[in-house]
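Here is how the chains run, residue by residue.
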Amino acid sequence: MKLRIRLLGTVELCVDGQVATPGAAKRRAVLAGLAIEANRPISLDRLAEMVWSDGPPASAVANLRSHAAVLRRTLGDRLIARPNAYELRLAPDELDVAEFQRLAGEGRELLATAEPAGAIATLTAALACWRGAAGDGLPRGTALDNRWASLDEQRLQVFEELAEARLAAGQHGHLLPELRGHLAAHPLRERAWGQLMLALYRCGDVPAALTVYRDARAVLDEQLGIEPGEELATLHRAMLDRAPELSYAARVVTAPTPPPAPTVDLRPAVGWTVPRELPADLVTFVGRTRETADVVATVGGAQPTAVVLTGAAGSGKTALAVRAAHAVAGDFPDGQVFVDLGYQPSVTPGEVLARVLRALGVAPADVPGNTDERAGWFRSLAAGRRFLLVVDGVTRAAQVRPLLPAGPGPALIVVGQRRLGSLDGVRRVALRPLGAGQARDLLAAVAGPERLAADPAATAELVRLCAGSALALRIAGTRLGRWPALPVVALVTQVGDGPDRLDLLAYEDMSVRESLATGLAAVRSDDEVAGRLLALLGASPDAPARVDRAAAQLGVTAHRVRRALEDLADAHLVQWEGPAGYRLPALVREYAAELAAVPSAPAHPLTGWRVDPVAA
């Protein structure tokens, strides 16, 4: 009978080539404990510690004997009963742990004797024994945990020994993506940081190699509070001095370099750069503590994923996204990419992918012409790498769907007015209007607290007029700061509740009206009825929307009106108030009234068509 027991991944037992793994988790733990201590008796007490995490129950011995009886049906006389113990007899090639350790030892010997070609083949075979985490699927908190941790550590060492052999063989270019993935999962491995530095240096990218040292130093300081070790620091100094011994050309290779056998085109990985594209963080960022924490927790956790940050025009979505991105930037040593789509529905997914690929170092001439190829190339580049992607001004889910992380490593923050409900597996964080307290704090941060303290009643009224809009509050605060002699009450009088409010809520490149217009244009690109409906609501801004009446006035079906209302609500341009129906939020009311005041164009004299200035 030929056995094969695999512990480097999910526990698996094969007998004469047929899988015969027992199903119960504790029975598999018994098998694993016996196999990892093969060819020696294991006492029942020791075996119980390997199976139960919180102390063996009173029935432990009876349970172990029952598990052993079931295993013996498969293992036959290989499982031997001893006094208060069991022993599993295995040949060296019947346990993957023994095979891995044998190959790892042979590879180290070849590496020590300067035979990189042989070391590469042997160490690669050693790593091929692994199918996942050691002892995957077994109970945790048992005496076996230390054995699994030791094996996982050995696996990391063998990976780095293989990297050393490949560096010695001149494979530094193809090694880059693997080293980056290794460090993304294990950022405290100083040896791997040094190998990545050396690989980049030999590829001719000295600035990137020095940047890696800076990233390694930051990670070690943040997570352990220590400086890089002497070996890494010495390598850094040698690179600063352009030491000739670092060059691969200066090394003597005693064995021919085997040709690499990549399964995918690695040109993008060789061209990888470390982008740092985040805009400056706002000094006067105020409030939104819970929402910021939600975004940080989503993208900065052990398994980064995607988050959609949504809210009304001017709610401060971009500022919050940038604040959160800066907070987690240290967790993404492979860089941060920022893309602003400007709420333009015409931007295609292919254009977004091309922009991201260029940011990641792919030469413009190498960017594929086909969107699917761009998406595939992006996934290849992103696999296992710790980089953060922020896409602002998104209007359609399709624009960012190809960027959703396909595995651990990268993270994505999407910013838009709409929920993008068809994106699967993302966390959504919605920004509500700022409360009075946070609104006053933001106003004080921009205008100065002493200005507000001089007239608290006027300040409260100004806060009300800004209706919880971070953009409106920032504009009002900037106006107060620009004119130190202007009392708060004077600005309140100017802004007021009249038709000129949107004219006054604009300053340089900040404008509440333009922000609302951009949001409406994005909705109208999908449904032109939405724009006409908003103008219709603006004619009676205080009245709730009545579907049947609106349908009659617009000359469309009630279904089309309901769909338009849903689109407007998704973009935070109308709000649902239960049985009362939909109403216009503050500030949107003024903008809708402006749309309602635009006269309809006369029919064209030749075609008879009308050009609706709202829908045009």
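About the thresholds
Residues numbered from 1 in each chain as written. Predicted model: local features only at pLDDT ≥ 70, side-chain atom pairs only at ≥ 80, totals over all residues. Heavy atoms only, no water. Pairing = 2+ DSSP bridges. Helix = DSSP H or I, 4+ residues; strand = E, 2+ residues; numbered from the N terminus. Buried < 20%, exposed > 50% of the residue type's maximum accessible area, 1.4 Å probe, protein only. Salt bridge = Lys/Arg side-chain N within 4 Å of Asp/Glu carboxyl O. 1 Å grid on protein atoms, 1.4 Å probe; cavity = no way out; pocket = protein on both sides within 12 Å on 5 of 7 lines; lining within 4 Å. Points joined across faces, edges and corners; volume = space filled by probe spheres on them. Nonpolar A, V, L, I, M, F, W, Y, C, P; charged D, E, K, R; others polar. Phe/Tyr/Trp six-rings, centres within 6.5 Å; stacked < 30°, edge-to-face > 60°. Lys NZ or Arg CZ within 6 Å of the ring centre and 35° of its normal. Axes fitted to C-alpha atoms, helices over the stretch in contact; angles between N-to-C directions. Parallel < 35°, antiparallel > 145°, perpendicular 65-115°, else oblique. Contact = heavy atoms within 4.5 Å. Left-handed = near helix turned anticlockwise from the far one by under 90°.

**Student:** Give a description of the sheet that holds strand β2 (residues 12-15) that names residues and reports values.
**Tutor:** Taken in spatial order, the three strands line up as β1-β2-β3 in an open sheet, and their pairing is antiparallel. Looking at which strands have only one partner, the edges of the open sheet turn out to be β1 (3-6) and β3 (18-19). The pairing of β1 with β2 spans four bridges and is antiparallel. Bridge pairing in β2 places I5 opposite L13.

**Student:** I'd love a proper account of the pairing of strand β10 (residues 411-416), names of residues and values included.
**Tutor:** With six of its six residues buried, β10 lies for the most part within the structure. Residues of β10 alternate between two faces, with A411, I413 and V415 on one and L412, V414 and G416 on the opposite face, all of them buried. As paired elements, strand β7 (residues 306-311) and β10 share five bridges and run parallel to each other. Across the sheet, V308 pairs through a bridge with V414, a residue of β10. In the sheet, strand β9 (residues 388-392) pairs with β10 via four bridges, with the strands oriented parallel. Counterpart to V391 in the pairing with β10 is V414.

**Student:** Summarise the pairing of β9; cite the residues concerned and give the values.
**Tutor:** Across the five residues of β9, five count as buried, placing the element largely inside the fold. Here β9 shows two buried faces, one formed by L388, V390 and D392 and the other by L389 and V391. Looking at chain direction, strand β8 (residues 336-340) and β9 are connected through five bridges and run parallel. Residue pairing across strands places V339 opposite V391, the latter belonging to β9.

**Student:** Would you mind going over unusual backbone geometry in detail, with residue names and values included?
**Tutor:** Phi is positive for N84, close to 55 degrees, though the residue is something other than glycine. Residues other than glycine seldom take positive phi values, yet E508 does so here, at roughly 50 degrees. Structurally, the position occupied by E508 is in the loop between β12 (506-507) and β13 (510-511).

**Student:** Describe the pattern of salt bridges, naming the residues involved and giving the relevant values.
**Tutor:** Enumeration according to the criterion identifies 34 salt bridges in this entry. Across the salt bridge formed by R140 and D145, the nearest N and O atoms sit 4.0 Å from each other. A residue is classified by how much of its surface remains accessible, and R140, at 41% relative accessible area, is partly exposed. Judged by relative accessible area, which is 23%, D145 ranks as partly exposed.

**Student:** Residue-level account of empty space enclosed by the protein, with values.
**Tutor:** Per the stated rule, a full pass over the model turns up three cavities of 30 Å³ or more. The computed volume of the largest cavity comes to approximately 70 Å³. What lines the largest cavity is R180, L183, A184, W193, L196, V212, D215, V274, P333 and D334. Secondary-structure elements contributing two or more residues to the lining of the largest cavity are α7 (172-185), α8 (190-202) and α9 (206-224). The greatest single-element share of the lining of the largest cavity, amounting to three residues, is contributed by α7. The class makeup of the residues in the lining of the largest cavity is seven nonpolar, no polar and three charged. The computed volume of the second largest cavity comes to approximately 40 Å³. Taken together, Y343, V394, T395, Q417, R418, G519, A522, V523 and A571 make up the lining of the second largest cavity. Residues of the lining of the second largest cavity, tallied by class, amount to five nonpolar, three polar and one charged.

**Student:** Tell me about the packing of aromatic side chains, residues and numbers included.
**Tutor:** In the structure shown here, the tally under the stated rule is three aromatic pairs. Taking 6.2 Å as the distance between ring centres and 90 degrees as the angle between the ring planes, the aromatic pair formed by F378 and F387 counts as edge-to-face. For the pair F378 and F387, a shared accessibility class is recorded, and that class is buried. Directly above the aromatic system of F332 lies the positively charged group of R386, at a separation of 4.8 Å from the ring centroid. Across from the ring centre of W483, 4.4 Å away, lies the NZ or CZ of R482, which sits over that ring.

**Student:** Which residues make up the packing of helix α1 (residues 25-36) against helix α3 (residues 60-75), and what are the values?
**Tutor:** The contact between α1 and α3 brings their axes to 10 Å, and the two run at 70 degrees. Considering their axes alone, α1 and α3 lie roughly perpendicular with respect to each other. Contacts from K26, R27, V30 and L31 in α1 reach L64, H67, V70, L71 and L75 in α3.

**Student:** Hey, could you go over the packing of helix α12 (residues 289-299) against helix α13 (residues 317-328) for me, with residue numbers and the actual values?
**Tutor:** One way to put it is that α12 packs onto α13 with a least axis distance of 9 Å and a crossing angle of 45 degrees. In terms of orientation, α12 lies oblique with respect to α13. Every pair of crossing elements has a handedness; the one defined by α12 and α13 is right-handed. The segment α12 lies against α13, with E291, T292, V295, V296 and V299 engaging L320, R323, A324, A327 and V328. Residues belonging to the contact of α12 with α13 are distributed by class as follows: seven nonpolar, one polar and two charged.

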